[in-house]
Structures are given as C-alpha cells and as structure tokens.
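Notes for the structure review
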Amino acid sequence: MQQSFSPVVRKTAPAVVNVFSSVNVTRSNCPYAQDPFWAQVYCNASNSQTRSEKVDNSLGSGVIVGSDGVIVTNNHVVEGGQEFRVVLNDRREFPAQLVMKDERSDLAVLRIDAGSQPLPMLAFADTRNVQVGDLVLAIGNPFGVGQTVTSGIVSALARTDVGASDFGSFIQTDA
C-alpha cells in the first residue's frame, strides 16, 4: 500500500502562484548619507553622482481564490511595491493590481486580468470541522527556487493572542 499526497498536490498546485513586487529605489552613494550635515559637506546632495537608481524586487507566493483573477498573498510580499507581476505554475505571466492590503494581519489581495484564459483556483475551505491532528499541506515557492510542498498537522485551534491582529482566531500548523 502506498500513501501519497500527490493527487491533492496535482489538484491544488496549479492555483499557487509566484508574486513579484518591484519598487524603484534611489540610494545614496555617499558614505556619510546617514548624517545630513556631513553628507552636505562631503557629498553635495544636489550632485547626481552621489545617488543611484535601482529596482528592488521581492518574491513570494500567493493563491488564486477567484476565477476572476483574485489572489491572496502576504502583505510583506507587496509592501512598498509599485508594480506587481504574477507567474502561474504553467509559466503564464500577468501584471497584477493591488486591491487591498492589511499590515496587521499580513494579508494582501491582488487581481490579474487573464482575459478569456481559464485560471486554476482554490476555494476557501470550511474550517468549522478542522481538528487538532488533521493533516495539512503547504505549497509555495520559497526564495524563488521552484514550487515546493511540505506536510504537517494542525497543532492548535482558536489561537487569538499571536500578536498578528486583535480580531479572529487562527489555526496553528506545523507545516
């Protein structure tokens, strides 16, 4: 007898996406940039040679939760981002718009427009019957190395004092 999560992974993994967030950053090349007085003395602030432009990118995972292109991700993935891009498991790529974000819960919502192209999606589960000890899977793309899967269990229910927010209760997992 072989036990495997592969049927569940095959069904759910296509809805897990990579989220790229880009921000244009101006950095000072002045070694005294932290102190305005010395920066003015040694590195003329109006001198364009003391500044450089760079695009910083961050990468995270998200999940398509609506056939209309709604994606849930973490706020820390999109924080400060000016442009967003989503890459699906099948390598399709779409620009994304930030719909909303909440720093306290570390959640953000993006939307992509795939036109008439079908999108894989995962519906929100009914968690009312979840019990401590239930098996869970986590699918993501840590550090952009490619999609990974890990398993674990539900370790606690109704966690409320986790410092993330003052509303709702959380399901704690060890995955």
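Everything below is about the structure shown above.
The structure presented is a predicted model; accordingly, all values stated were derived computationally and were not measured. (Residues numbered from 1 in each chain as written. Predicted model: local features only at pLDDT ≥ 70, side-chain atom pairs only at ≥ 80, totals over all residues. Heavy atoms only, no water.)

Thoughts on the overall build of the protein
A count of helical and extended segments in the protein gives three helices and nine strands. Reading the secondary structure of the protein in the N-to-C direction produces α-β-α-β-β-α-β-β-β-β-β-β. Surface summary for the protein: the accessible area is close to 11,800 Å², and the carbon and sulfur share equals 52%. (Helix = DSSP H or I, 4+ residues; strand = E, 2+ residues; numbered from the N terminus. Areas by Shrake-Rupley, 256 points an atom, 1.4 Å probe, with all protein chains shown as cover.)

Some thoughts on the packing of aromatic side chains
To describe a pair of aromatic rings, you give the distance between the ring centres and the angle between the ring planes. Evaluation of the coordinates by the stated rule reveals zero aromatic pairs. Looking at Arg85, its charged tip hangs above the ring of Phe20, at a distance of 4.3 Å from the centre. (Phe/Tyr/Trp six-rings, centres within 6.5 Å; stacked < 30°, edge-to-face > 60°. Lys NZ or Arg CZ within 6 Å of the ring centre and 35° of its normal.)

With respect to the side chain of Ser105
By the secondary structure assignment, Ser105 is in the loop between β5 (93-102) and β6 (107-112). On the basis of relative accessible area, Ser105 is assigned to the buried category, the value being 17%. A distance of 2.6 Å separates the side chain of Ser105 from the side chain of Asp102, its partner in a polar contact. (Buried < 20%, exposed > 50% of the residue type's maximum accessible area, 1.4 Å probe, protein only. Polar contact = N/O pair within 3.5 Å; in protein donor to acceptor, adjacent residues only side chain to side chain.)

What about the nonpolar core?
Grouped together as the largest cluster of nonpolar side chains are 16 residues, with contacts concentrated most on Val17, Ile71, Val86, Leu88, Leu110 and Ile112. The dominant element in this core, judged by the number of residues it contributes, is β6, at three residues. Excluding its chain neighbours within four sequence positions, the residues that come into contact with Leu110 are Val19, Gly69, Val70, Ile71, Thr73, Val78, Phe84, Val86, Ala96, Gln97, Leu98 and Val99. (Core = buried A, V, L, I, M, F, W, Y, C linked by side-chain atoms within 4.5 Å. Contact = heavy atoms within 4.5 Å.)

Regarding a nonpolar patch on the surface
On the surface, Phe5, Leu135 and Ile153 cluster together into a nonpolar patch covering about 280 Å² of accessible area. By the element assignment, Phe5 lies in the segment before α1 (6-12). Taking the relative accessible area as the measure of exposure, Phe5 reaches 36% and is therefore partly exposed. (Patch = residues over 30% accessible without salt bridge, like charges linked within 9 Å, V, L, I, M, F, W, Y side chains within 5 Å. Salt bridge = Lys/Arg side-chain N within 4 Å of Asp/Glu carboxyl O.)

Quick look at the environment of Val99
Mapped onto the elements of the fold, Val99 is located in strand β5. Placed 28 residues apart in sequence, Val99 and Ile71 show a C-alpha to C-alpha distance of 9.5 Å. Leaving out residues up to four positions away in the same chain, Val99 has contacts with Val109, Leu110 and Arg111.

Focus on the pattern of salt bridges
Per the counting criterion, the structure on display carries five salt bridges. Across the pair Lys101 and Glu79 runs a salt bridge whose closest N-O atoms are separated by 3.5 Å. Remark: Glu79 occurs in the loop between α3 (75-78) and β4 (83-87) and Lys101 occurs in strand β5; sequence separation between them is 22 residues. Under the relative-accessibility criterion, Lys101 is labelled partly exposed at 42%. For Glu79, a relative accessible area of 41% corresponds to the partly exposed category.

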